[in-house]
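Read off the chains here:
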Amino acid sequence: MVNNKARLCIGILFCSISLAACKPSSPQDKADDREGGALSHSFTLSQSEFDGLSPEDQFMVANKVLSTMYRGIPADEFFDLTQGLDDPVVQYTNFINRTQSALQRDLSNSEIVALNQDIFGVVDNPETQDIDESIPARFTNIDNNEPHQIFMARAHTYPISHNQFVQWMSFFLANTIMFSPAREMDSTNNQDVDRVLGYLEKSLTQGKSMREIVRGWMHNLSRWRVSRSPENHALEMFELYLGVFNDTPEEQQNTINGGKACSEWYLTDNDADYQLLRDNTQYGTAEPVKVFNQYVYDCDDLYDVVAGHPLLIPRLIEVISNYFLDGMSAAKKLAVVKNVAATNPETFDDVFLAIMFSKTFLLESERPKSFEENAFNFLHAMHWTPRSNSFPLDRAVLDRVYDSSGNNINVGVHNMGWAAMDYKIGRTPFLPMDVLSFATYHQGIRESVLLNAKAYDGERFPEVRDYTEAAIPREPPIEIINGAFYVAGTENLKPELENLSGAEFVDFVFMTAMGRRATTEESTAFVSEGLRRNFLFEDEFGVVRPTKTNGNSYWENLTDDYARLMLDYMSRLPEFYYYRAVQ
């Protein structure tokens, strides 16, 4: 934990509040409102440094970036598999610069409309009986009572862009102590989840500064429904946003005086649904009180003091970086906070980008992955679609992962001590790894993700014919993609995998799931087992491959079973659950 003196030293850089005016735009130019280039900080990983890594490490680092946003990149997109994997050739060029620029670029209005139709579906218009205009929803079982699931649906579906970044950042911030809606409390409910996510989404989309966002949130009803009383409201402001924890007599007096300044506001009780009201017999304090050596008369003055305090920005950087750098030394964490603070960040975008692409995180950090980081990174890297309708990773998957009200399915993160939107202090910066939490994590990812091959192998993926009626053919309303192994809707091996040798196929599965190729011992064992179980065959040239044809018969439909054998093994390796450092 960074002490107050360290925070003060860093925070001197941020003594003033910067207010940015918002400029209206027309629908035609919306997509060009926000443009950003690659980062140029000395502590962030540059494209040239990324290119200097081995192809395997490039792939691991690329997925390390994307997995923090619960995304992934498939090996058959990153590498040119037509040239094999013995000496892998990277075909996804300029990854660092492209990704950083994409995360700062807005989608057009028409793109967003089309993407939301893909996510939530479109019901056929009954008045046009000769045309089928329906679009099946990518995600179902989502309603307004679970607004965080909607944000996750967009974060999973939108292409890498500023719009996608905003959805994920809103979700991330709402699960920190700074903005948690604390749904577990008697005075809060799903309306508070909706308020905080909506507020963050709008503020981040508009490019508001961190100081503006904190200043606007402090008087929000949902913040008061967590703090409840004027004095506790002041206390939590200082703890959450400044890292000042009421430890000294001076800090305690600041809390008392802050409570006096906010005494005109009060929260009603349960019978009145915990509403924020003003006592019209009071208007702040008759005489000013001193808080952090500044005189304040009322709560608005207090909010201005906190939002303009030099400790605010370093504290926000510290809270966010702790999630990325869990397990690292205090000195390493402090160095990152200082480095990011020295760039004079104004927005949360600035902070997230700097930490996500820091060399400390991408090259040096080793920490447990959350279930979402692990499972969704793997699934995206395997071309997964919830339309495969493979329980529990089907179209209701987000409801199963994020609904903490009586949901005992093993992919539910609340069963892992990692519930979304529930805790007053938000998710802890360290992942719960007690026996029960990890046992649920292991069971969920092994049984429901890794071994659930039909969710990602391609066999149950939609085909063109699924959306083509015999009488009135139409173009598929969604993009048809192939699975991890098979051409969509079949058990025919994808062409790019057909020429891989058995050992290369083993590496393909290992790299996708673990970010590294198999060791010599692992490769030898799985090739031997593949031959023994007829998952692999020798071709006419004596090369062992994952496919064999004999007239009209083929055995490539066994590929997913072969992969399951390897994934079952990987699920038992401790390193599968950790981010690794680049050696």
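In this report, the structure presented in the accompanying data block is examined. Remember, predicted model here, so these are calculated numbers, not experimental data. (Residues numbered from 1 in each chain as written. Predicted model: local features only at pLDDT ≥ 70, side-chain atom pairs only at ≥ 80, totals over all residues. Heavy atoms only, no water.)

The helix and strand inventory of the protein stands at 25 helices and eight strands. Against the 2.2 N^0.38 benchmark of 25 Å for 583 residues, the protein shows a C-alpha radius of gyration of 26 Å, consistent with a compact globule. Taken over the C-alpha atoms alone, the protein extends approximately 95 × 60 × 50 Å along its principal axes. Taking all 583 residues of the protein together, the buried fraction comes to 57%. When contacts within the protein are restricted to residue pairs at least 6 apart in sequence, long-range pairs at least 24 apart make up 71% of them. Seen as two clouds, the 50 positive and the 83 negative side-chain charges of the protein have centres 4 Å apart. (Helix = DSSP H or I, 4+ residues; strand = E, 2+ residues; numbered from the N terminus. Rg over C-alpha atoms; globule rule 2.2 N^0.38 Å. Buried < 20%, exposed > 50% of the residue type's maximum accessible area, 1.4 Å probe, protein only. Contact = heavy atoms within 4.5 Å. Lys, Arg positive; Asp, Glu negative; His and termini not counted. Charge placed at Lys NZ, Arg CZ, Asp CG, Glu CD.)

Turning our attention to unusual backbone geometry. Put simply, Phe391 and Pro392 share a cis peptide bond, and its omega is -5°. Among the structural elements, Pro392 can be located in the loop between helix H19 (371-381) and helix H20 (397-402). Backbone geometry places Ala182, a non-glycine residue, at a positive phi of 50°. Checked against the element boundaries, Ala182 lands in the loop between helix H8 (162-174) and helix H9 (190-205). Overall, the relative accessible area of 0% leaves Ala182 in the buried class. For Arg228, which is not glycine, the phi torsion reads 75° and is therefore positive.

Evaluated as defined, the whole model comprises 38 aromatic pairs. An angle of 85° between the planes, with centres 5.0 Å apart, marks the rings of Phe238 and Phe292 as edge-to-face. Of the two residues, Phe238 is situated in helix H12 (residues 230-242) and Phe292 in the loop between strand S3 (289-291) and strand S4 (294-296); the sequence distance between them amounts to 54 residues. Its relative accessible area of 2% is what places Phe238 among the buried residues. Members of the aromatic cluster, each reached through a chain of ring pairs, are Phe165, Trp168, Phe172, Tyr323, Phe324, Phe352, Phe361 and Tyr579. The ring of Tyr92 carries the charged tip of Arg98 above its face, separated from the ring centre by 4.1 Å. (Phe/Tyr/Trp six-rings, centres within 6.5 Å; stacked < 30°, edge-to-face > 60°. Lys NZ or Arg CZ within 6 Å of the ring centre and 35° of its normal.)

Here we come to the pattern of salt bridges. A full pass over the atoms with the stated rule returns 36 salt bridges. Between Glu56 and Arg517 there is a salt bridge, with its nearest N and O atoms 2.7 Å apart. Highlighted residues: Glu56 in helix H3 (residues 55-67) and Arg517 in the loop between helix H23 (502-514) and helix H24 (520-532), separated in sequence by 461 residues. Look at Glu56 and you get buried, because its relative accessible area is 18%. (Salt bridge = Lys/Arg side-chain N within 4 Å of Asp/Glu carboxyl O.)

Right, let's get into the packing of H12 against helix H14 (residues 299-307). When two helices pack together, their arrangement is given by the angle between the helix axes and the distance between those axes. H14 packs onto H12 with a crossing angle of 15° between their chain directions and a minimal axis gap of 10 Å. For the element pair H12 / H14, the angle class is roughly parallel. The way H12 lies across H14 gives a crossing that is right-handed. Counting all contacts with H12, which are made through His233, Ala234, Met237, Phe238, Tyr241 and Leu242, the residues of H14 involved are Leu302, Tyr303 and Val306. (Axes fitted to C-alpha atoms, helices over the stretch in contact; angles between N-to-C directions. Parallel < 35°, antiparallel > 145°, perpendicular 65-115°, else oblique. Left-handed = near helix turned anticlockwise from the far one by under 90°.)

The subject of this paragraph is the side chain of Glu522. Counting through the fold element by element, Glu522 comes out in helix H24. Once you skip the residues sitting within four places of it in the chain, Glu522 turns out to touch Phe510, Arg516, Tyr569 and Leu573.

Now for the environment of Trp224. If you trace the backbone, Trp224 turns up in helix H11 (residues 221-227). When sequence neighbours within four positions are dropped, the list of residues in contact with Trp224 reads Met218, His219, Ser229, Pro230, His233, Cys262, Trp265, Leu267, Leu276, Cys299 and Tyr303.

On to the environment of Leu200, then. Relative to the helices and strands, Leu200 resides in helix H9. The class for Leu200 is buried, based on a relative accessible area of 0%. Considering only alpha carbons, one finds Leu200 and Ile213, 13 residues apart in sequence, at a separation of 7.7 Å.

Moving on to helix H7 (residues 147-157). Across the eleven residues of H7, eleven count as buried, placing the element largely inside the fold. Looking at the buried side of H7, the elements it contacts are helix H6 (109-120), H8, H9, H19 and H20.

Right, let's get into the packing of helix H15 (residues 312-324) against helix H16 (residues 330-342). Where H15 meets H16, the axes come as close as 9 Å, and the angle between the chain directions of the two elements is 130°. Comparing the axis directions of H15 and H16 gives the class oblique. In the crossing of H15 with H16, the sense of the turn from one axis to the other is right-handed. Along the contact surface, H15 presents Pro314, Ile317, Glu318, Ser321 and Asn322, while H16 presents Lys333, Val336, Val337, Val340 and Ala341. Looking at the contact of H15 with H16 residue by residue, the class counts come to six nonpolar, two polar and two charged. (Nonpolar A, V, L, I, M, F, W, Y, C, P; charged D, E, K, R; others polar.)

We now examine the environment of Tyr158. Structurally, Tyr158 can be placed in the loop between H7 and H8. According to the relative accessible area criterion, Tyr158 is buried, its value standing at 4%. Placed 102 residues apart in sequence, Tyr158 and Glu56 show a C-alpha to C-alpha distance of 27 Å. Among all residues touching Tyr158, those that are not within four sequence positions of it are Arg71, Leu107, Ile112, Leu115, Asn116, Ile119, Asn163, Gln164 and Gln167.

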